[in-house]
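Understanding the architecture of this molecule
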Amino acid sequence: MNTTQTQAAEKTTGSAIETDNRLDQYLTFLLAGEEYGIDILRVQEIRGWSGATPIPNMPDFILGVMNLRGTVVPVIDLRKYLKLESIPFGKTTVVIVARITDADEQSERTMGIVVDAVSEVHNIASTDMKPAPEFGGALNTDAIKGLATRDEKMLIILEIDALMNNGVEQILNASEQE
Amino acid sequence: MSIDLSEFHDVFFEECSEGLDVMESGLLELDHTTDSEDINAIFRAAHSIKGGSASFGFMEISSFTHVMETLLDEIRDGRRDITRDGIDLLLASVDVLRGMVAAARDEQAYDQPVIDEVHQKLESMLVTQTKVDTGIAEQKEDTASETVQICEKANVPREADQRITSWSINFKPDASLLRAGNEPSRIFRELMRLGELTVEADVSAIPPLSEIDPENCYIGWSLSLETSASREEIEELFSWVADESDLEIACAATRQKLPDTDVEPGTGKQAPIVSAETPGEVLVEASADVTPNVQDQPAEKANTSQVTKVAEATKNKSVSSGSGKESGSIRVAIDKVDELINLVGELVITQSMLSQTGVDLANSEAGHFDKLRDGLTQLERNTRELQESVLQIRMLPISFSFSRFPRLVRDLSSKIGKQVELTMTGEQTEVDKTVLEKIGDPLIHLVRNSLDHGIETPEVRKAAGKPETGRLELLAYHEGGDIIIKVIDDGAGLNRENIITKAMEKGLIGETEDLTDERVYNLIFAPGFSTAEQVSDVSGRGVGMDVVRRNVRDLGGNVSINSNDGAGSTVTIRLPLTLAILDGQLARIGEETYIISLVSIVETLQMQKESISSFTGQSELYRLRDEYIPIIRLSELFGTKSGKKNLEDGLLIVVEADGQHHGLFVDELLGQQQVVIKSLESNFTHIQGIAGATILGDGKVALIIDIPGLIQRYSKQCQQNECLLGAVS
Amino acid sequence: MASILAVDDSPSMRQMVSYTLEKAGYGVILANDGKEALDIAHDTEVDLVITDVNMPKMDGITLVKKLRELHAYRFKPILILTTESTAEKKTLGKEAGATGWLVKPFDPDKLVSTLRRVLD
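Throughout what follows, the structure given in this document is the object of discussion. Values in this document were obtained by computation on a predicted structure and should not be read as measured data.

Parameters and conventions
- Residues numbered from 1 in each chain as written.
- Chains lettered and ligands numbered in written order.
- Predicted model: local features only at pLDDT ≥ 70, side-chain atom pairs only at ≥ 80, totals over all residues.
- Helix = DSSP H or I, 4+ residues; strand = E, 2+ residues; numbered from the N terminus.
- Buried ≥ 20, exposed ≤ 12 C-beta atoms within 10 Å, placed from the backbone.
- Contact = placed C-beta atoms within 7 Å.
- Pairing = 2+ DSSP bridges.
- Axes fitted to C-alpha atoms, helices over the stretch in contact; angles between N-to-C directions.
- Expected span 1.5 Å × (residues − 1).
- Parallel < 35°, antiparallel > 145°, perpendicular 65-115°, else oblique.
- Left-handed = near helix turned anticlockwise from the far one by under 90°.
- Nonpolar A, V, L, I, M, F, W, Y, C, P; charged D, E, K, R; others polar.
- Core = buried A, V, L, I, M, F, W, Y, C linked by C-beta atoms within 7 Å.
- Domains from an automatic or database assignment.

A few words now on the overall build of chain B. A tally of regular secondary structure across chain B gives 20 helices and 22 strands. Taken across its 729 residues, chain B has 33% of its residues classed as buried. Sequence separation of 24 or more characterises 67% of the internal contacts of chain B that already satisfy a separation of 6 or more.

Now for the sheet that holds strand S2 (residues 34-39) of chain A. In a beta sheet, neighbouring strands are held together by backbone hydrogen bonds and run either parallel or antiparallel to one another. All names here are of chain A. In spatial order, the strands read S8-S1-S2-S10-S9; together these 5 strands make up an open sheet with mixed pairing. The outermost strands of the open sheet, each flanked by one partner alone, are strand S8 (117-125) and strand S9 (144-150). Sheet twist, expressed as the average angle between the axes of neighbouring strands with direction ignored, equals 30 degrees. Where strand S1 (residues 23-31) lies against S8, 7 bridges are found, and the strand directions are antiparallel. Among the inter-strand pairings, Asp24 is bridged to a residue of S8, identified as Ile124.

Before going further, it helps to spend a moment on the environment of Gly699 of chain B. With respect to the secondary-structure elements, Gly699 of chain B resides in the loop between strand S21 (690-695) and strand S22 (701-705). Along the backbone, Gly699 of chain B and Ile349 of chain B are 350 residues apart, and their C-alpha atoms lie at a distance of 8.1 Å. Once residues within four sequence positions are removed from consideration, Gly699 of chain B is found in contact with Asn67 of chain A together with Met353 of chain B.

Moving on to helix H1 (residues 11-23) of chain C. Residues and elements named next belong to chain C. Helix length check: H1, at 13 residues, gives a terminal C-alpha distance of 18 Å against a target of 18 Å (1.5 Å per residue), a fit within 8%. Turning to H1, its buried residues number three or more, namely Pro11, Ser12, Met13, Arg14, Met16, Val17, Ser18, Thr20 and Leu21. Positive backbone phi, approximately 100 degrees, marks Gly25, located one or two places after H1.

A word on the packing of helix H1 (residues 9-29) of chain B against helix H2 (residues 36-55) of chain B. Residue and element names in this part refer to chain B. Relative orientation of the contacting elements H1 and H2 amounts to 155 degrees, with a least axis distance of 9 Å. On the basis of their axis angle, the class for H1 and H2 is roughly antiparallel. The chirality of how H1 crosses H2 is left-handed. Residue-level contacts link Phe12, Glu15, Cys16, Gly19, Val22, Met23, Gly26, Leu27 and Glu29 of H1 to Asp38, Ala41, Ile42, Ala45, Ala46, Ser48, Ile49 and Gly52 of H2. Here the residues of the contact of H1 with H2 are counted per class, giving 10 nonpolar, 4 polar and 3 charged.

Residue and element names in this part refer to chain A. Most of strand S4 (residues 62-68) is tucked away, with 7 of its 7 residues classed as buried. Direction of pairing for S4 relative to strand S5 (residues 71-77): antiparallel, over a ladder of 6 bridges. Bridging from a neighbouring strand, Met66 pairs with Val73 of S5. Count of turn residues in the S4/S5 antiparallel hairpin: 2 residues, of which Arg69 carries a positive phi of about 40 degrees.

A word on the nonpolar core. Membership of the largest hydrophobic core comes to 94 residues, with the highest contact counts inside it found for Ile4, Leu5, Ala6 and Ile50 of chain C. There are two domains that each give this core at least three residues, and those are domain 1 (6-155) and domain 2 (158-291) of chain B. Apart from residues no more than four positions distant in its own chain, Ile50 of chain C is found in contact with Ile4, Ala6, Val7, Val17, Leu79 and Leu81 of chain C. By size, the runner-up hydrophobic cluster in this structure holds 84 residues, among which are Val65, Ile76 and Leu163 of chain A together with Tyr622 of chain B.

Another aspect to go through is the interface of chain B and chain A. Frequently, the measure chosen for interface size is the accessible area that the parts lose on association. Residue-level contacts link 22 residues of chain B with 20 residues of chain A. If you list the elements that add at least two residues to the side of chain B that touches chain A, you get helix H10 (334-364), S21 and S22 of chain B. The element contributing the most residues to the side of chain B that touches chain A is S22 of chain B, with 3 residues. A breakdown of the residues in the side of chain B that touches chain A according to their chemical character gives 10 nonpolar, 8 polar and 4 charged.

What follows is about the environment of Val203 of chain B. Residues and elements named next belong to chain B. Mapped onto the secondary structure, Val203 falls in the loop between strand S2 (195-202) and strand S3 (220-227). C-beta crowding within 10 Å serves as the criterion here: with 14 such atoms nearby, Val203 is assigned to the partly exposed category. Sequence separation between Val203 and Tyr218 is 15 residues, and the spatial gap between their C-alpha atoms is 7.1 Å.

Structure (structure tokens):
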């Protein structure tokens, strides 16, 4: 993580003029045959699925909470969240532990996101990203940073904060006001 | 060298509030006794605040405190009697000072009208009413101006006066001069800083060697100094020895260079000096070069490692030897302690993980791992002890919260014309800092209520055959892992009938309900039961009692009230000692483990079929002795699919909250253990009925049930169900 | 480097005095009251003592008297540090054996320059 951050920082300072061309690193993962990417600087760690403790009266995409070295963090099933068909968790199922900033940018939460499998890390320049077309489904366009192509395959680059804030955060904030 | 004092301001402000607390409690003591130690303590506190505020540049605080101090000094010396009015005024002054200190800390403006008013009152009390008229006004004026003067002097740089004056100084010390640690050579050295100095010694008074007392000073000096410095500056250097010597300082000439002298400062004829450092060793050194090097700044560039060493020794010393009222306390930032507590919490979890593994191993290898088990047992004990002592760091005596009540009771009771005697017991009982801070307001509510509505006026009390002075008692003690705080008064008590009427009006209870006294009295904690206007209707209390209960519950505790009509009431608050750990009962429902605080559990039982009954087909009740207890099926309430369905197959945990019993239906009990409470809120959210989570030995997360919240959740659900039923019919 | 024992029951005054003196290059040992200072003086020989007058347990005047009874402190400079500049307190201090006095409030720079009068 540290090296990644340093490299990213160097790139930023090295090419201040061509900001748009700087390469950002994205961790990609698989979900129902599609490949998604998220900003690697947001990823705290990746761990195998080892269960979660259910929380009463939560929507089904909130699997519960898990123990992340002494901290209790919520776990989201991304398939259920995006209203994709559920499959049984298998050997490749992983939890991506990521830091999410609140909509009001006041606070940060750590969350576990369950995906089918992790794929790889790609360097993508923001100029290589195409804006996402309007399309239906659970994915709000705000939550998509753009589309990129790698090895003839399409990568959907996600804006992780917007993705979570549009759904999960609302639920969490709603129940807080109870 | 310029020194920025602002970094000491925080310490100073903290010290001021401690000092003000000392003054306040001391002044309240003076109502009862006239112990001279109390007066001394009050005086010292005022004195320190005055000195500190002047040193740190808060002149308004200093001059205000100065008047108080003068008054206190008169009381201390017995020149002034302690009157109730005097105490009232001093207490008011403490309040004013507190406001000034707060304003200074927040860099706000002082509340000048209030300050002036009290200041004026203090002044007029000083001028009058003195027992012995000893020209105090005069003396006062003298000292009042002194503070200001010194500061002015200190701040104004030396006059840029270029005039050179020749001074001739005759200095003949008493023989005893050296014994007080004064050393003429050092004074001369400082004189040399002011200008050109010539020193001649008069050794005529030195007795024969055989008669010399090596500790005496037999020499006199004539000095001449050419300097631009003022007479005051020269006198200042001699100020400590002036009383012990014949000293003449005369102006010889102005604007005139001394006629050619061969003597340059720092060389040539120097006065013989008796060295106090080596008494009896060398008496006289004629023409010895004792000239101090003017360049020799005191160790400015001294060996820094040595400085650090001494500084460290200093710190150790002041930490280890702190004693007395502060009980050897150190100031530690609360987040540092919390970090430590978190780490120890982790250690507890790791330890319990290891010990689980150890048990598994030991079982599988049949005693092969005795040593591992022994080690783990020891680790467990060490961990527990470490945790306890770390938690102790956050513990403070409840007196921090109690200490405000003598004042509050005194002010309020005289305001409402009641006579009340306050007693406080168990003030040294310790409780977590957070608990302590949050319990303050509820306690104030309770005490005010007791004074306002509990204790009667002297006339009413007399008519009722009670002593005219009412009794209010604050009591704190430890019981199990909890702290119990009681607020007891011998006032009118609660009126059962009035409460029932009021509760029915508010729709809190049905008409036919047969209620225990306990249940009735605790209705006053219900939200919306009463507001300030309605209080008189129910012969008692009510102001914010629901707020009291909510605050106490937020701390994981509970509150209840007991009362005897006409004889007083007792409010009992039970709180956990700490918010970091909890003694829990582990229970299994389906695949999940839940934790219930041991404090709320009354008993656990296996249900008999014939004692189970249902109520409107919606809720289930269990008859235990002569009581019907609602059964809460946790798996249904929490919407988990797993868990036993048949009530007779599982267990019923009877819990208590607000004097009411409920039964929690669980699959089985798993054991009891102390758990470290982890907040769900930091990454997740608050969930009604869940107090938090913990991490079990196997690394899994278990939820901790919040009993009052759970019961509320259950009632809400029942009401919804009833609404549904109503809608259908 | 001279070492100084500073005695005051007020933490902020202690901090200020020790900060000022350490900055001027002195080694400083602190004590909360006269009793503690006397204990320290028994074990450690410092070059100068500065003490407050009004303190719990043992006041500054008593401390000066007790220190003068110790052999090592017979000729040591001992200064009393007080807000009471009345002649009465100064005299009491001098009678007890104090070398001199410093009047609070004092300017930190002044404290340092005053000490030079009694320190090498």
